[in-house]
Amino acid sequence: MRVTIFGSGYVGLVTGACLADAGNHVVCVDVDAKKIARLQRGEVPIHEPGLDGLIKRNSEAGRMEFTTDAAKGVAHGLFQLIAVGTPPGEDGSADLTHVLAVANTIGQHIGEYRVVVTKSTVPVGTADKVRASLTAALAKRNVGVEYDVVSNPEFLKEGAAIADFMKPDRVIIGTDNPRTTELLRLLYEPFTRNHDRLLVMDIRSAELTKYAANAMLATKISFMNELANLAERFGADIEKVRVGIGSDPRIGYSFIYPGCGYGGSCFPKDVKALSRSARELNYDAAILEAVENVNARQKELLFKKIHRHFDGKLGGRTLALWGLAFKPNTDDMREAPSRALMEDLWEHGATVQAYDPVAMDEARRTYGDRKGLTLAKNANAALAGADALAIVTEWQEFRSPDFDNIKSQLKSPVIFDGRNLYDPSYLARLGITYYGIGRGKRLELN
Ligand SMILES: NC(=O)c1ccc[n+]([C@@H]2O[C@H](COP(=O)([O-])OP(=O)(O)OC[C@H]3O[C@@H](n4cnc5c(N)ncnc54)[C@H](O)[C@@H]3O)[C@@H](O)[C@H]2O)c1
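Here's a quick rundown of the structure.

Basis of the calculations
- Residues numbered from 1 in each chain as written.
- Predicted model: local features only at pLDDT ≥ 70, side-chain atom pairs only at ≥ 80, totals over all residues.
- Heavy atoms only, no water.
- Helix = DSSP H or I, 4+ residues; strand = E, 2+ residues; numbered from the N terminus.
- Buried < 20%, exposed > 50% of the residue type's maximum accessible area, 1.4 Å probe, protein only.
- Areas by Shrake-Rupley, 256 points an atom, 1.4 Å probe, with all protein chains shown as cover.
- 1 Å grid on protein atoms, 1.4 Å probe; cavity = no way out; pocket = protein on both sides within 12 Å on 5 of 7 lines; lining within 4 Å.
- Points joined across faces, edges and corners; volume = space filled by probe spheres on them.
- Nonpolar A, V, L, I, M, F, W, Y, C, P; charged D, E, K, R; others polar.
- Axes fitted to C-alpha atoms, helices over the stretch in contact; angles between N-to-C directions.
- Left-handed = near helix turned anticlockwise from the far one by under 90°.
- Contact = heavy atoms within 4.5 Å.
- Pairing = 2+ DSSP bridges.
- Near = heavy atom within 4 Å.
- Polar contact = N/O pair within 3.5 Å; in protein donor to acceptor, adjacent residues only side chain to side chain.
- Right-handed = clockwise from strand over helix to strand, strands pointing away.
- Salt bridge = Lys/Arg side-chain N within 4 Å of Asp/Glu carboxyl O.
- Phe/Tyr/Trp six-rings, centres within 6.5 Å; stacked < 30°, edge-to-face > 60°.
- Expected span 1.5 Å × (residues − 1).

## Quick look at the overall build of the protein chain
So, step 1. Summing up its helical and strand segments, the protein chain has 18 helices and 14 strands in all.
So, step 2. Its C-alpha atoms put the protein chain at 75 × 45 × 40 Å along the principal axes.
So, step 3. A total of 446 residues make up the protein chain; the buried ones form 54% of that total.
So, step 4. Accessible surface for the protein chain amounts to roughly 19500 Å². Of this, 52% is attributable to carbon and sulfur atoms.

## A look at the layout of surface pockets
So, step 1. Put simply, the second largest pocket is a space of about 380 Å³.
So, step 2. In terms of lining, the second largest pocket is formed by 16 residues, of which the most central are Pro 123, Val 124, Ser 277, Glu 280 and Leu 281.
So, step 3. Among the secondary structure elements, those contributing two or more residues to the lining of the second largest pocket are helix 6 (126–141), helix 9 (203–234) and helix 11 (267–280).
So, step 4. Tallied by class, the residues present in the lining of the second largest pocket amount to 9 nonpolar, 4 polar and 3 charged.

## Digging into the packing of helix 13 (residues 301–309) against helix 14 (residues 337–347)
So, step 1. The contact between helix 13 and helix 14 brings their axes to 8 Å, and the two run at 35°. Like other packed secondary-structure pairs, helix 13 and helix 14 cross with a definite hand, here right-handed. In contact with Leu 302, Phe 303 and Ile 306 of helix 13, helix 14 contributes Leu 341, Asp 344 and Leu 345.
So, step 2. Tallied by class, the residues present in the contact of helix 13 with helix 14 amount to 5 nonpolar, no polar and 1 charged.

## Re the sheet that holds strand 11 (residues 373–375)
Two strands in a sheet stick together by hydrogen bonds in their backbones, pointing the same way (parallel) or opposite ways (antiparallel).
So, step 1. Strands sit in the order 11-10-9-12-13-14 across an open sheet of 6 strands; the sheet is parallel. Looking at the sheet topology across the chains shown, the edges are occupied by strand 11 and strand 14 (433–435). Sheet twist, expressed as the mean angle between neighbouring strand axes with direction ignored, is 20°.
So, step 2. Seen against the sheet, helix 14 touches strand 9 (318–322), strand 10 (351–355), strand 11 and strand 12 (388–391) and runs at an angle of roughly 175° to strand 9.
So, step 3. Relative to the sheet, helix 15 (residues 360–367) contacts strand 10 and strand 11, its axis offset from that of strand 11 by approximately 150°.

## Section: the site of the ligand
So, step 1. In the vicinity of the ligand, 26 residues are found, and the nearest of them are Asp 30, Lys 35, Thr 86, Glu 158 and Lys 269.
So, step 2. Contact distances for the ligand include 2.8 Å between an oxygen atom and a backbone N or O atom of Val 11.
So, step 3. With respect to the ligand, the side chain of Glu 158 contributes an N or O atom lying 2.7 Å from a nitrogen atom.
So, step 4. Relative to its unbound accessible surface of 830 Å², the ligand loses 89% to contact with the protein.
So, step 5. Classifying every residue of the shell around the ligand by side-chain character gives 9 nonpolar, 9 polar and 8 charged.

## Regarding the pairing of strand 9
Successive side chains on a regular strand alternate, one facing one side of the sheet and the next facing the other.
So, step 1. When you tally the buried positions in strand 9, you get 5 out of 5 residues, the bulk of the element.
So, step 2. Of the two faces of strand 9, the one holding Thr 318, Ala 320 and Trp 322 and the one holding Leu 319 and Leu 321 are both buried throughout.
So, step 3. Where strand 9 and strand 10 come together, 5 bridges link them in parallel fashion. Among the inter-strand pairings, Leu 319 is bridged to a residue of strand 10, identified as Val 352.
So, step 4. In this fold, the crossover linking strand 9 to strand 10 by way of helix 14 has right-handed handedness.

## Description of the pattern of salt bridges
So, step 1. Going through the model one piece at a time under the given rule, you end up with 32 salt bridges.
So, step 2. Salt-bridge contacts for Asp 128 lead to Arg 131; the nearest nitrogen and oxygen are separated by 3.5 Å. With a gap of 3 residues between them, Asp 128 and Arg 131 both fall in helix 6, about one helical turn apart.
So, step 3. Ionic contacts of the salt-bridge type, sharing partners, join the residues Asp 128, Arg 131, Asp 176 and Arg 204 into one network.

## Some thoughts on helix 2 (residues 33–40)
So, step 1. Sitting at the head of helix 2, Asp 32 places a side-chain oxygen 3.2 Å from the backbone nitrogen of Lys 34.
So, step 2. Looking one or two places after helix 2, you find Gly 42, whose phi comes out positive at around 95°.

## Quick word on the side chain of Asn 152
So, step 1. Inspection of the secondary structure assignment puts Asn 152 in the loop between strand 6 (147–151) and helix 7 (161–166).
So, step 2. According to the relative accessible area criterion, Asn 152 is buried, its value standing at 2%.
So, step 3. A distance of 2.6 Å separates polar atoms of two side chains, one belonging to Asn 152 and the other to Tyr 188.
So, step 4. When sequence neighbours within four positions are dropped, the list of residues in contact with Asn 152 reads Val 117, Thr 118, Lys 119, Val 171, Ile 172, Ile 173, Leu 184 and Tyr 188.

## Describing the packing of aromatic side chains
So, step 1. Going through the model one piece at a time under the given rule, you end up with 11 aromatic pairs.
So, step 2. Between Phe 165 and Tyr 188, the ring centres sit 6.1 Å apart and the planes meet at 40°, which makes this aromatic pair tilted. Of this pair, Phe 165 sits in helix 7 while Tyr 188 is found in helix 8 (residues 178–188), placing the two residues 23 residues apart along the sequence.
So, step 3. Residue Tyr 188 is classed as buried on the basis of its relative accessible area, which comes to 4%.
So, step 4. For the pair Tyr 262 and Phe 267, a centre-to-centre distance of 5.9 Å together with 80° between the ring planes defines the contact as edge-to-face. Of the two residues, Tyr 262 and Phe 267, neither departs from the other in class, the shared state being buried.
So, step 5. Linked through ring pairs, Phe 165, Tyr 188 and Phe 191 together constitute an aromatic cluster.

## Some details on the side chain of Thr 318
So, step 1. Tracing the sequence through the fold places Thr 318 in strand 9.
So, step 2. Residue classification places Thr 318 among the buried residues on the basis of a relative accessible area of 14%.
So, step 3. A polar contact of 3.0 Å, which involves the side chain of Thr 318, links it to the side chain of Thr 351.
So, step 4. Not counting residues within four places of it along the chain, the set of residues in contact with Thr 318 comprises Thr 351, Gln 353, Ala 386, Asp 387 and Ala 388.

## Concerning helix 1 (residues 10–21)
So, step 1. With 12 residues, helix 1 extends 17 Å from end C-alpha to end C-alpha; this agrees with the ideal 16 Å at 1.5 Å per step.
So, step 2. A large share of helix 1 lies buried, amounting to 10 of its 12 residues.
So, step 3. Those residues of helix 1 not exposed but buried are Tyr 10, Gly 12, Leu 13, Val 14, Thr 15, Gly 16, Ala 17, Cys 18, Leu 19 and Ala 20.
So, step 4. Residue Gly 23 follows helix 1 closely and has a positive phi angle near 110°.

Written out as structure tokens, the structure reads:
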């Protein structure tokens, strides 16, 4: 089948590569000419395990093309997938500028029946706006062409995106038309052969399902962080509590890890957007607001611990920082807790020696040659002469480090562990001062 995808970011490229790998002919359209030029040269602009090989194989087989030519894209695919960004606007609501620009573009060029599929995360009611934008563009041209609009939110996780797309837990199809259900069923057939995973529903429910999923996951994290802060004050160990509650199958172990806050391109903006949508409906989404507030506070926690440890005297100090990406196996630094920590440290006159296994280029793009930031060539180099070590991303290579080496490299043996990677009593025996999240020691933080 012929598929066009607008937006060649994390979602667009993974979707394109997986659909092409199943035998479809995919054209990826993006307005970023530099990104498209890189993709045409065979360079993949993001880090996602397995994506390079998949794009290479399918480009070479002629099943995957990249272009800035929107007219070519509209002419190509029966399916027109919208996978552009929906960043938060100034008031936190989802900015639909890019989504509606694509709808308008499709309306400008559409010549025969097309299925317009929204994969971007968009507020409830967006399908109506997509339709209105497309219809207005058609009216300007004074032509009538048939099309359908479908909501098909994406649930892939960065870092495991290919596996998520190839073997989805579910494929949500929001539609008001049985014809599109059948077409989408055909498109997703190769990924749902084991058993049918298509969940067909009305468009508004599909749009809300995506926000509901992310809001639920963010709630689990903020809930555990709240409990971690209480555990710290009670003198309890949240890691023991985590296992204690996770063993209850009604609760489960996944997504209840306490830490220094959630980041990334999805949870922060989606929780915000959903609570802003609620406000527009004069509904006070108290849980969502709390989830956001708890997370904002949690992203400051490591800094508070560092500030307290050094008696507020951070001027001239150097922190070694392990982990820049918002989670392991991605180079994405959008809303990453590392950014909040570094920015707080800089504001208080400290400098940072940072290392991340894959996000170094992204850090360079984000901060350039900023004073106060040294990008170290490896984890060990980040430690050299630093006053303390802070860990913000739970990369595998940080889980079992050479603690004697850490002690010998740091000016003082102190670790601020934002992901609870280490055993506090073991580190105490090694003579390392250890601060985790929600682990025993009573620290009056507020
Ligand atoms: N990243 C994720 O893990 C993830 C997972 C599920 C859903 N989503 C949702 O998917 C959407 C895309 O996310 P992303 O992380 O892939 O974004 P991204 O920022 O990585 O990529 C978006 C791309 O769209 C391009 N673009 C903007 N306007 C365009 C236009 N008019 N025509 C063509 N291309 C255009 C941009 O240049 C950019 O390359 C968002 O709504 C996001 O919430 C993301």
